[in-house]
Amino acid sequence: MSVNRQTCTLPEELANAVAASLEEWRKSNKVARLWQKDASLWTRTDESSWLGWLHIVDQQLAHDDAFKRIAEDVQKTRFKHALLLGMGGSSLCPEVLRMTFGKIKGFPELHVLDSTDPVQIKSIEQKLDLKSTLCIVSSKSGSTLEPNIYKQYFFERVKAKVGEKEVGNRFVAITDPGSHLQEVAVADKFREIFFGLPSIGGRYSALSNFGMVPAAIMGLDMEKFLQITKEMVAACGPGVTVHDNPGVVLGTVLGVAARHGRDKLTIIASPGIYDLGAWLEQLIAESTGKNGRGIIPVDRERITRPSVYGKDRVFVYLRLASKPNKTQDKAVMALEKAGHPVVSISVDHVYTLGQELFRWEIATAVAGSIIGINAFNQPDVEASKVETRKLTSEYEAKGKLPVEVPFFEANGVQFYADEKNVAAIHGGLNAAAVLKTHLSRLNPGDYFAVLGYIPMNAENEKALQGMRHAVRDKKKVATVLGFGPRFLHSTGQAYKGGPNSGVFLQITCADAKDLPVPGQKYTFGVVKAAQARGDFAVLSERGRRALRVHLGKNLKSALATLSKAVQKAVA
């Protein structure tokens, strides 16, 4: 078998604990029990209903004619673009494939929309030739707010270009059987409907149709991709000894490290596969971050000298062997030399990416077992959705969202928090002073989270990255960065349900332009505002240390002002 190689460099105490855990897994026959879908490995609840992903690769290979058919169809029709409309588990694997493989000759270029930010939606729309675009509406439940309103919007936009008779033919759906989306797809005469498996949860669905149909549409050689992936499935199988099982070893390292206080999994990935971290974030955070426990994944944090990192870190280096980065190689060697725990995975080439999807799914299930949680539910994700629904319903009824009053305002920047957080933060004479008080609440072992409900683009990411790194370097804490609302379907679970070790800075903005949602009173801007408020309300209700900063319409200038204030606050 040829599988991506994995090595571990661990401090002695952690190495001994990992060895003891692996031996316990061997004695208790736990790998075989995992493959037998034994719920007693986790919390003895509904886990056995959610392990359909264990056998999905063989099933996909047995039915790969469906992939060939859709690939030939899009080629023959000469679609220039494919637009995936989805969130979380429905969007992140396609995004990784898009960022890794790029445009494949003879096939449509794949774009992914997973934001309700009107500026971001318009920015993607402007890249498309809607007359020659295939829209992929992807939603497991078929009832998720965002994909449904994306569909409403783009169905009208495409209809304006191709007419009522043809518009349905420009859409395909990926959903579970019997969902509301299936009903919509039938009623609107979609080109095709692909089904998910009800026994596979969203974040474990990468190798199911939710990841593989978009892969086929963008032109991947599906048989090659799945056959290579199958080698990792075999390597992680029930007949492989525990110490030689790459998924089980990785999961044991992560689970044992978290139980020893090393719960910040810091992902370092070669530039050619850097977006894999976005998929890993969801898988790990949403699977493990609950009941006050869990692993906090740290993605896209710039690598620095070993002394900046605390004893709450464990590093994973995803090294693309066909195109490594020498600077990363040197930095990772320095981390190992300094005694930090490092797992190195050599990804042979981009077509072995499917092996990583499966390795990490096994690893996450194993880590969840060791941490002692149900790795397949997401109890705290729904809480934000409930708050959002309350606010959008109020807007539909009254035509406006409830009025908010900032506790402090300076230079066009408004600060909001609940009573408990205001009492802890209040008293600053300027923005930097308020931020300084907020950031002074960071303790060793905590993490700082920047949550931006602003357009996700290179310029805005650079500004937010600057803030996170300023805090990381001065406070020597782990830092995370997420764009809303997409992180709500990803890391949001761990921020609300995981360990109460986060200090949060939520950033919202007045939208420079807005877009209507056909058939609704509310707009995309209203939905985004409701999602941000709902998210913040749940963070506050869970006793999280949270501050919201609201910026004006001139976002570039406002971000520069905020960046200066953060730099001053940590100086």
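Structural data are supplied above this passage.
Nothing here was measured: the structure is a model prediction, and the numbers come from that model.

What counts and how
- Residues numbered from 1 in each chain as written.
- Predicted model: local features only at pLDDT ≥ 70, side-chain atom pairs only at ≥ 80, totals over all residues.
- Heavy atoms only, no water.
- Helix = DSSP H or I, 4+ residues; strand = E, 2+ residues; numbered from the N terminus.
- Rg over C-alpha atoms; globule rule 2.2 N^0.38 Å.
- Buried < 20%, exposed > 50% of the residue type's maximum accessible area, 1.4 Å probe, protein only.
- Contact = heavy atoms within 4.5 Å.
- Areas by Shrake-Rupley, 256 points an atom, 1.4 Å probe, with all protein chains shown as cover.
- Disulfide = S-S within 2.5 Å.
- 1 Å grid on protein atoms, 1.4 Å probe; cavity = no way out; pocket = protein on both sides within 12 Å on 5 of 7 lines; lining within 4 Å.
- Points joined across faces, edges and corners; volume = space filled by probe spheres on them.
- Core = buried A, V, L, I, M, F, W, Y, C linked by side-chain atoms within 4.5 Å.
- Pairing = 2+ DSSP bridges.
- Axes fitted to C-alpha atoms, helices over the stretch in contact; angles between N-to-C directions.
- Phe/Tyr/Trp six-rings, centres within 6.5 Å; stacked < 30°, edge-to-face > 60°.
- Lys NZ or Arg CZ within 6 Å of the ring centre and 35° of its normal.
- Nonpolar A, V, L, I, M, F, W, Y, C, P; charged D, E, K, R; others polar.
- Parallel < 35°, antiparallel > 145°, perpendicular 65-115°, else oblique.

**Things to note about the overall build of the protein chain**
And then number 1: When you go through the protein chain residue by residue, the secondary structure sums to 22 helices and 16 strands.
And then number 2: Relative to the globule expectation of 25 Å for 571 residues, the C-alpha radius of gyration of the protein chain, 23 Å, shows essentially globular dimensions.
And then number 3: Expressed along its principal axes, the backbone C-alpha trace of the protein chain runs to roughly 65 × 60 × 45 Å.
And then number 4: A total of 571 residues make up the protein chain; the buried ones form 61% of that total.
And then number 5: Considering only intrachain contacts with a sequence separation of at least 6, the fraction spanning at least 24 residues in the protein chain is 79%.
And then number 6: With an accessible surface of roughly 21600 Å², the protein chain has 51% of that area assigned to carbon and sulfur atoms.

**Focus: the state of the cysteines**
And then number 1: Counted by the stated rule, this structure contains zero disulfides.
And then number 2: Not engaged in a disulfide, the cysteine Cys-93 finds its nearest cysteine sulfur in Cys-236; these two sulfurs lie 17 Å apart.
And then number 3: Cys-93 sits in the buried class, given a relative accessible area of 2%.
And then number 4: Cysteine Cys-236 shares no disulfide, and the gap to the nearest cysteine sulfur, in Cys-8, comes to 13 Å.

**Details of the layout of surface pockets**
And then number 1: Within this model, the largest pocket holds a volume of roughly 940 Å³.
And then number 2: What lines the largest pocket is a set of 41 residues, and nearest its centre among them are Ser-141, Thr-144, Glu-382, Lys-385 and His-489.
And then number 3: Those elements that provide at least two residues to the lining of the largest pocket are α7 (145–162), α13 (276–288) and α16 (381–398).
And then number 4: Among the elements that line the lining of the largest pocket, the one with the most residues is α16, at seven residues.

**Topic: the nonpolar core**
And then number 1: Grouped together as the largest cluster of nonpolar side chains are 99 residues, with contacts concentrated most on Trp-279 and Trp-360.
And then number 2: Broken down by element, the residue count for this core peaks at eleven residues, all from helix α15 (residues 353–371).
And then number 3: Leave out the neighbours within four places in its chain, and Trp-360 touches Leu-250, Leu-254, Leu-265, Trp-279, Leu-280, Leu-283, Ile-284, Val-316, Leu-318 and Ile-345.
And then number 4: Ala-463, Val-471, Val-549 and Val-570 belong to the second largest nonpolar core, which has 39 residues in total.

**Observations regarding the sheet that holds strand β5 (residues 171–175)**
And then number 1: With parallel pairing, five strands are arranged side by side in an open sheet as β3-β2-β4-β5-β6. Every other strand in the sheet has two partners, leaving β3 (109–113) and β6 (192–195) as the edge strands with one partner each. Neighbour-to-neighbour, the strand axes of the sheet open up by a mean angle of 20°, direction not taken into account.
And then number 2: In terms of strand pairing, strand β4 (residues 133–138) meets β5 through four bridges, oriented parallel. Following the sheet pairing, Ile-136 is matched in β5 by Val-172.
And then number 3: The strands touched by helix α4 (residues 65–77) within the sheet are β4 and β6, with β6 carrying the most contacts at an inclination of about 150°.

**Quick word on the packing of aromatic side chains**
And then number 1: Scanning the entire structure with this criterion turns up 19 aromatic pairs.
And then number 2: Judged by centre distance (5.2 Å) and plane angle (50°), the rings of Tyr-204 and Phe-376 are tilted. Taken together, the residues Tyr-204 in the loop between β6 and α10 (209–217) and Phe-376 in the loop between α15 and α16 connect sequence positions 172 residues apart.
And then number 3: Judged by its relative accessible area of 2%, Tyr-204 falls in the buried class.
And then number 4: Clustering of aromatic rings is evident, with ring pairs tying together Trp-35, Trp-42, Trp-53, Tyr-204, Phe-358 and Phe-376.
And then number 5: A cation sits over an aromatic face here: Lys-224 above Tyr-351, 4.2 Å from the ring centre.
And then number 6: Of note, Arg-548 hangs over the ring of Tyr-416, and the distance from its end group to the ring centre comes to 4.4 Å.

**A look at the pairing of strand β9 (residues 313–320)**
And then number 1: The buried count for β9 comes to seven of eight residues, which makes it a mostly enclosed element.
And then number 2: Where strand β7 (residues 264–269) lies against β9, six bridges are found, and the strand directions are parallel. Bridged to Thr-266 within β9 is Phe-315.
And then number 3: Both β9 and strand β10 (residues 342–347) contribute to a ladder of six bridges, which runs parallel. From the neighbouring strand, Val-316 faces β10, where its bridge partner is Val-343.

**Quick notes on the packing of α10 against helix α11 (residues 222–235)**
Helix packing geometry: the angle between the two helix axes and the distance between the axes.
And then number 1: One can describe the packing of α10 onto α11 by two numbers: an axis separation of 10 Å at closest approach and a directional angle of 140°. The segment α10 lies against α11, with Met-212, Ala-215 and Ala-216 engaging Met-222, Phe-225 and Leu-226.
And then number 2: Classifying every residue of the contact of α10 with α11 gives six nonpolar, no polar and no charged.

**What to know about empty space enclosed by the protein**
And then number 1: In the structure shown here, the tally under the stated rule is two cavities of 30 Å³ or more.
And then number 2: The wall of the largest cavity is formed by 15 residues, among which Glu-281, Phe-483, Arg-486, Phe-487 and Ser-490 lie closest to the centre.
And then number 3: Mapped by element, the contributors of at least two residues to the lining of the largest cavity are α13 and β14 (478–483).
And then number 4: Per-class residue counts for the lining of the largest cavity are six nonpolar, five polar and four charged.

**Focus: the packing of helix α19 (residues 458–475) against helix α22 (residues 555–570)**
And then number 1: Running from N to C, α19 and α22 point in directions that differ by 5°, and their axes come no closer than 10 Å. With respect to each other, α19 and α22 are oriented roughly parallel. Along the contact surface, α19 presents Glu-459, Asn-460, Ala-463, Leu-464, Gly-466, Met-467, Ala-470, Val-471, Lys-474 and Lys-475, while α22 presents Leu-555, Lys-556, Leu-559, Leu-562, Ser-563, Val-566, Gln-567 and Val-570.
And then number 2: Within the contact of α19 with α22, the residues separate by chemical class into ten nonpolar, four polar and four charged.

**Notes on the environment of Pro-402**
And then number 1: By the secondary structure assignment, Pro-402 is in the loop between α16 and β11 (408–410).
And then number 2: C-alpha of Pro-402 to C-alpha of Thr-304: the two residues are 98 residues apart in sequence and 44 Å apart in space.
And then number 3: Once you skip the residues sitting within four places of it in the chain, Pro-402 turns out to touch Leu-391, Glu-394 and Arg-533.

**Focus: the sheet that holds strand β13 (residues 447–453)**
And then number 1: Reading across from one edge, β11-β12-β16-β15-β13-β14 is the order of the six strands in this open sheet, with mixed pairing throughout. With partners counted over all chains shown, the strands left at the sheet margins are β11 and β14, one partner each. Pairs of neighbouring strands in the sheet enclose a mean axial angle of 20°, with direction left out of account.
And then number 2: Two strands pair when backbone bridges link them, and strand β12 (residues 413–416) and strand β16 (residues 545–551) are joined in this way by three bridges, in the antiparallel orientation. Across the sheet, residue Gln-414 finds its bridge partner in β16, namely His-550.
And then number 3: On top of the sheet, α22 reaches β12, β15 (502–509) and β16; it is set at about 140° to β16, its chief contact.

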